[in-house]
Amino acid sequence: MRNLLHANFVRYIRRPVTLLAFLVSLTLGIITVVGSMRQEWYDGQLVKYFKSDLSFDTFILFLAVIVTVLNLGSEFSSGAIRNKLIAGYTKSGVFISELLLAVLFSAVLYLLFYGPFLVIRWEYLSRLDFLFGASALLLCCILSVAVIMVFLCFILENRIVAAIVGMMIIVVMLVLSDELYSRLTRPEFYTEYVYEDGHTVTMQADPDSMKKPDDVVEVNRIPNSGYIGGVTRVIMTFVYEASAYDGLVEFNQYISTSQIADVELPEDVARTQNKYIEEKVSTMKRETAYNVGIMVVFSCLGVLIFRKKNIK
């Protein structure tokens, strides 16, 4: 196994596409450091905060797909996988070695992208109680995509098809996440306000989340026919939170929560913000667990399927 890992590592690291992907990841990381700072005046004080670009995070997923597919796909197209099996390596050993290298190179992409931001902004990022958890989530999102791509490459044995499928998976993640978010955030009830002069106004929000205006004489709770509940909601929530793209969205929201200036917020605002952070941390933990689960499931499936697969 060690010889197999070493030989493949040397061969992969020398390929221009790998080095180019590393360079692009580092460049995006530096751009994130430079452009992530924002500042606004709040209650007479200048507040600085973070707002990283989500599109850069998403691009790292595409880089992980490209590096994994081109490196592993070339092994199949050149017959190297078959030769390894002829040389006496087991199918499980070959799969695991390729999986470990894909995880390693994807982790390097993560470090090159997030490392500059983490190091240069550490003085401010260290104020985030959940910084380690947010960093772990970002890493798991990238690694889960790499593991899925290794699985596809071994099943399809064609780097072009695997690359197309991999890109489609990420695109579907983007589209599906937005659609699921739109459906899951629909309120269970609408709020109907009846004013003193008799006219009514319907708000697309639950009455419990709205502050009653002074000139409203009646508040009605109207059921929302578009609200999704029950088992369907549980399934949709799981699919939404298990998506690597949603993990990137959550990561950006975590980082953007960090304010550099020590501003004393009003009690009600501070209470709302703390509740928001608690909910985000809870979601972060679930999404990290989901991505780890995805890696374990696809790794085990890959080993089981490849062991029974005939190599041409």
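Data block above holds the structure.
Values in this document were obtained by computation on a predicted structure and should not be read as measured data.

Cut-offs applied
- Residues numbered from 1 in each chain as written.
- Predicted model: local features only at pLDDT ≥ 70, side-chain atom pairs only at ≥ 80, totals over all residues.
- Heavy atoms only, no water.
- 1 Å grid on protein atoms, 1.4 Å probe; cavity = no way out; pocket = protein on both sides within 12 Å on 5 of 7 lines; lining within 4 Å.
- Points joined across faces, edges and corners; volume = space filled by probe spheres on them.
- Helix = DSSP H or I, 4+ residues; strand = E, 2+ residues; numbered from the N terminus.
- Phe/Tyr/Trp six-rings, centres within 6.5 Å; stacked < 30°, edge-to-face > 60°.
- Buried < 20%, exposed > 50% of the residue type's maximum accessible area, 1.4 Å probe, protein only.
- Lys NZ or Arg CZ within 6 Å of the ring centre and 35° of its normal.
- Expected span 1.5 Å × (residues − 1).
- Arc of directions from axis to C-beta.
- Core = buried A, V, L, I, M, F, W, Y, C linked by side-chain atoms within 4.5 Å.
- Contact = heavy atoms within 4.5 Å.

**Quick notes on empty space enclosed by the protein**
Considering all chains together, one arrives at two cavities of 30 Å³ or more under this definition. The volume enclosed by the largest cavity comes to roughly 80 Å³. Lining the largest cavity we find Tyr12, Val67, Thr68, Asn71, Leu72, Glu98, Leu101, Ala102, Phe105 and Val150. Elements with a minimum of two residues in the lining of the largest cavity: helix 3 (54-77) and helix 5 (91-120).

**Focus: the packing of aromatic side chains**
All chains considered together, the criterion is met by ten aromatic pairs. A centroid spacing of 6.3 Å and a plane angle of 55 degrees characterise the contact between Tyr12 and Phe105, whose relative ring orientation is tilted. Linking Tyr12 in helix 1 (residues 2-13) with Phe105 in helix 5, this pair joins segments that are 93 residues apart in sequence. Looking at Phe105, the relative accessible area reads 3%, which means it is buried. Grouping aromatic residues by their ring pairs yields a cluster made of Phe9, Tyr12, Phe22 and Phe105. Above the face of the Phe306 ring, Lys91 is positioned so that its terminal group lies 5.9 Å from the ring centre.

**Let's talk about helix 1**
A rise of 1.5 Å per residue sets the reference length of helix 1, with its twelve residues, at 16 Å; its end C-alpha atoms lie 16 Å apart and thus fit the reference within 8%. Within the span of helix 1, buried status applies to Leu4, Asn8 and Tyr12. The buried residues of helix 1 occupy an angular sector of 50 degrees when projected down its axis, which confines them to one face. Residues of helix 1 that are exposed and point more than 90 degrees away from the buried face comprise Arg2, Asn3 and His6.

**Details of the nonpolar core**
By size, the foremost hydrophobic cluster in this structure holds 63 residues, and its most contacted members are Leu109, Tyr114 and Phe154. Per element, the largest residue contribution to this core is 17 residues, and it comes from helix 7 (residues 131-156). Apart from the residues lying within four places of it in its own chain, the contact partners of Tyr114 are Leu131, Ser135, Leu138, Phe251 and Ile255. In terms of nonpolar packing, the next biggest core, distinct from the first, is built from five residues, Leu180, Ile228, Met236 and Tyr240 among them.

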